[in-house]
Amino acid sequence: VDVFQAWCGPCKPVVNLFQKIRNEVGSNLLHFAVAEVDSIDALEKYRGQCEPVFLFYTGGELVAVVRGVDAPLLQKTILEQL
């Protein structure tokens, strides 16, 4: 989940990375979503930050968090979690 604030918008460059990985591993294993923290109470702790945050869930549980746009770290985290 790409967690963002309305004033800065979702991290569009990372969408290409997620699509590339999803094509490589199969569409059933990886799902990408965006969530605006200002409209979701459960994400309140991520408000007021100027960097994107990527939350990784498995079976409904948070398993990893990556702060900032670090494509190699995002790719590593995705592949480790898969």
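Structure first, text after, so check above.
We now turn to the structure provided with this report. (Residues numbered from 1 in each chain as written. Predicted model: local features only at pLDDT ≥ 70, side-chain atom pairs only at ≥ 80, totals over all residues. Heavy atoms only, no water.)

1. Quick look at the nonpolar core
- If you look at the biggest cluster of nonpolar residues, it comprises 12 residues: Cys-11, Val-14, Leu-17, Phe-18, Ile-21, Leu-30, Phe-54, Phe-56, Ala-64, Val-66, Leu-74 and Ile-78.
- Among the secondary structure elements, those contributing two or more residues to this core are α1 (12–25), β3 (53–58), β4 (61–67) and α2 (71–81).
- Counting residues per element, this core draws most heavily on α1, at four residues.
- With residues near it in sequence (within four places) discarded, Leu-30 still touches Phe-18, Ile-21, Arg-22, Val-25 and Ile-78.
- In this structure, Ala-35, Tyr-46, Val-53 and Leu-55 belong to the second largest nonpolar core, which totals seven residues. (Core = buried A, V, L, I, M, F, W, Y, C linked by side-chain atoms within 4.5 Å. Buried < 20%, exposed > 50% of the residue type's maximum accessible area, 1.4 Å probe, protein only. Helix = DSSP H or I, 4+ residues; strand = E, 2+ residues; numbered from the N terminus. Contact = heavy atoms within 4.5 Å.)

2. Side note on the pairing of β4
- Inspection of the sheet shows β3 paired to β4 by six bridges, in the antiparallel sense. By the bridge assignment for β4, Phe-54 is matched with Val-66.
- Once β3 ends, the chain turns through two residues before running back antiparallel as β4, passing Gly-59 with a positive phi of about 60°. (Pairing = 2+ DSSP bridges.)

3. Here we look at the sheet that holds strand β1 (residues 2–4)
- With mixed pairing, the four strands of this open sheet are ordered in space as β2-β1-β3-β4. Of all the strands in the sheet, the pair left with one neighbour each is β2 (34–36) and β4. Taking the axes of each pair of neighbouring strands and ignoring which way they run, one obtains an average angle of 30° across the sheet.
- As defined by bridge partners, β1 adjoins β2 across three bridges and the pair is classed as parallel. Bridge pairing in β2 links Asp-2 to Val-34.
- Across the face of the sheet, α2 comes into contact with β3 and β4 while running at roughly 165° to β4. (Axes fitted to C-alpha atoms, helices over the stretch in contact; angles between N-to-C directions.)

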